[in-house]
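# Structural description and commentary
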Amino acid sequence: MKVLVANLGSTSFKYRLFDMANERVLARGGVERIGSAESRCFVETLGQRHEATLPAKDHAVAVRLCLEQLAEHGCLASPDELSAIGFKAVHARGTTGVQRVDERVLSAMEAYADVAPAHNPPYIAAMRLLAKQLPHIPLVAAFETGFHQTIAPAQRLYAVPLEWAERYGIQRWGFHGASHAYIAQRTAELLKSPRARIISCHLGGSSSLCAIRDGQSQANSLGMSPQSGLPHNNRVGDFDPFALPVLLRETGKSLEQVLDDLAERSGLLGLSGAGNDLRDIESAAARGDARAQLAMDVFTAGVRHYLGAYLVLLGGADAVVFTGGIGENSVAMREAICANLETFGIVLDPQANRTARGEARIDAASSRVQLWIMPTNEELIVARHVVASCQLAD
Ligand code: ADP
């Protein structure tokens, strides 16, 4: 069974093609600058990269071009050989888990377009188009909230009138489910312990910590929306709603404008003024930029806040795992997060932390908690969900 896992942007489509007989990636590729007369369509297979410049007026044309390119390079016998397309979908009202994309699911995603403004609108637009123009290919959405359905009410509920949760779904849903699920499975495998207590730190363009026991999510730092929890590259993180009336009054902006500031111009970007990429912020801090250093300190404090909370929740940890662009690559951030945690059994090996490449253990001999860097594999988790859902449908 060959499954394509799609990653959509408003003008881009990227994918990995899996052969699920052996869970191997046969190819990765995509189309950039969708909508332009000169879209760039590329595929990488068997270590070789092929590129073409072709017009892709929309996402359906982009997918069709990719399928043709895959057939041309021998990854598919024909475009019809594809069994399904899977999506790492973010949020929908009243539904989660793994769903065949249909009008009900699309409407549920639409209902939360303003809760996940960076994610839902491009996914909805592309899914609608694909469902219409490529009706023979099943589309499957694996929602990021799905892994967090095991979170208990004590961790899940906000202290608001209970009927808000019951009627309107106002609660901590949690996100980054595919990534945390991968980390849960792979870490349990490495520790040879399916019951392991794991704190998964997905630190990237958006960031969250997840407390995991028995392979199940016990808590996630993301709440009702992907703007919550830790500071993100340009999204706010946890924020007191009673600051909103002050901001509306003082700035003269509308609620939509302020929400846009919180979703687009906050986080590391808003604090540092040095861009939204931690690499630029780290360089600015190294040159003595105090605001850049402050942004890094706020981010570190946020991660340590949830790390402490989850150590208490789990009664200690067997492993703390770093993943995502920041978690895998920032030596300084991992060092700052793990500083002075000996009392909690967390001791980083500075040398291993500096030299680690790929999946690697970075704790010192004296550490009771194993510390790992682990590249995540969200696409594999989505592909497995697609296979399971297609088998159920058969
Ligand atoms: P996304 O969350 O969008 O999938 P990633 O997990 O790939 O993104 O994380 C991207 C972010 O990781 C970048 O914006 C940057 O902040 C950070 N990053 C990537 N490489 C490095 C690095 N070498 N050092 C520090 N930060 C890095």
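Located above this text is the structure these notes cover.
Remember, it's a predicted structure, so these values are computed and weren't measured experimentally.

So, on to the environment of Leu 17. Assignment of secondary structure puts Leu 17 in strand β2 (residues 13-19). It is 27 Å that separates the C-alpha atoms of Leu 17 and Cys 201, two residues lying 184 residues apart in sequence. When sequence neighbours within four positions are dropped, the list of residues in contact with Leu 17 reads Lys 2, Val 3, Leu 4, Arg 24, Val 25, Leu 26, Ala 27, Leu 70, Cys 75, Leu 76 and Leu 82.

Before going further, it helps to examine a nonpolar patch on the surface. Taken together, the side chains of Leu 248, Leu 255 and Leu 259 make up a nonpolar region of the molecular surface, amounting to roughly 220 Å² of accessible area. Mapped onto the elements, Leu 248 comes out in helix α7 (residues 243-251).

Right, let's get into the nonpolar core. Phe 13, Leu 17, Leu 70, Ile 85, Phe 87, Met 109 and Met 127 are the most contacted members of the largest nonpolar core, which totals 43 residues. The dominant element in this core, judged by the number of residues it contributes, is helix α1 (residues 59-72), at 8 residues. If we ignore the near neighbours within four places in the chain, the residues touching Ile 85 are Leu 4, Ala 6, Val 63, Ile 137, Pro 138, Leu 139 and Val 140. By size, the runner-up hydrophobic cluster in this structure holds 39 residues, among which are Leu 268, Ile 281, Ala 356 and Leu 371.

In this section: the site of the ligand. Near the ligand, the surroundings consist of 13 residues, among which Gly 205, Asn 233, Asp 277, Leu 278 and Gly 325 are the closest. Between the ligand and Gly 205 there is a distance of 2.9 Å, counted from an oxygen atom to a backbone nitrogen or oxygen. Within the side chain of Asn 233, an N or O atom sits 2.8 Å from an oxygen atom of the ligand. Within the complex, the protein chains bury 66% of what would otherwise be the 570 Å² of accessible surface of the ligand. In a pocket analysis with a 2 Å cut-off to the grid points, the ligand is assigned to the second largest pocket. The set of elements that each furnish at least two residues to the shell around the ligand consists of α10 (278-286) and α12 (324-329). The element that contributes the greatest number of residues to the shell around the ligand is α12, accounting for 4 residues. Within the shell around the ligand, the residues separate by chemical class into 2 nonpolar, 8 polar and 3 charged.

Our next topic: the sheet that holds strand β6 (residues 82-87). In space, the 8 strands of this open sheet follow the order β5-β4-β3-β2-β1-β6-β8-β7, with mixed pairing throughout. The open sheet has two free edges, formed respectively by β5 (48-54) and β7 (98-100), since each of these has just one partner strand. Each neighbouring strand pair of the sheet contributes to a mean axis angle of 20 degrees, computed without reference to strand direction. By the bridge criterion, 5 bridges tie strand β1 (residues 2-8) to β6 in an arrangement that is parallel. The partner of Lys 2 across the bridge, within β6, is Leu 82.

Our focus in this paragraph is the packing of aromatic side chains. The relative placement of two aromatic rings is captured by the distance of their centres and the angle of their planes. Summed over all chains, the structure comprises 3 aromatic pairs. Plain terms: the ring middles of Phe 87 and Tyr 123 are 6.3 Å apart, the flat faces sit at 80 degrees to each other, and that makes the pair edge-to-face. Taken together, the positions of Phe 87 in strand β6 and Tyr 123 in helix α3 (residues 120-133) put the pair 36 residues apart, joining distant regions of the chain. Judged by its relative accessible area of 6%, Tyr 123 is buried. Plain terms: the ring middles of Tyr 306 and Tyr 310 are 6.0 Å apart, the flat faces sit at 50 degrees to each other, and that makes the pair tilted. In this pair, Tyr 306 and Tyr 310 both sit in helix α11 (residues 290-314), 4 residues apart, roughly one turn of the helix. As far as the burial class goes, Tyr 306 and Tyr 310 line up, both buried. Between Arg 156 and the ring centre of Trp 173, over which it is positioned, the NZ or CZ distance is 6.0 Å.

Reading guide: rules and limits
- Residues numbered from 1 in each chain as written.
- Predicted model: local features only at pLDDT ≥ 70, side-chain atom pairs only at ≥ 80, totals over all residues.
- Heavy atoms only, no water.
- Helix = DSSP H or I, 4+ residues; strand = E, 2+ residues; numbered from the N terminus.
- Contact = heavy atoms within 4.5 Å.
- Patch = residues over 30% accessible without salt bridge, like charges linked within 9 Å, V, L, I, M, F, W, Y side chains within 5 Å.
- Areas by Shrake-Rupley, 256 points an atom, 1.4 Å probe, with all protein chains shown as cover.
- Salt bridge = Lys/Arg side-chain N within 4 Å of Asp/Glu carboxyl O.
- Core = buried A, V, L, I, M, F, W, Y, C linked by side-chain atoms within 4.5 Å.
- Buried < 20%, exposed > 50% of the residue type's maximum accessible area, 1.4 Å probe, protein only.
- Near = heavy atom within 4 Å.
- Polar contact = N/O pair within 3.5 Å; in protein donor to acceptor, adjacent residues only side chain to side chain.
- 1 Å grid on protein atoms, 1.4 Å probe; cavity = no way out; pocket = protein on both sides within 12 Å on 5 of 7 lines; lining within 4 Å.
- Sits in = over half its atoms within 2 Å of the grid points.
- Nonpolar A, V, L, I, M, F, W, Y, C, P; charged D, E, K, R; others polar.
- Pairing = 2+ DSSP bridges.
- Axes fitted to C-alpha atoms, helices over the stretch in contact; angles between N-to-C directions.
- Phe/Tyr/Trp six-rings, centres within 6.5 Å; stacked < 30°, edge-to-face > 60°.
- Lys NZ or Arg CZ within 6 Å of the ring centre and 35° of its normal.

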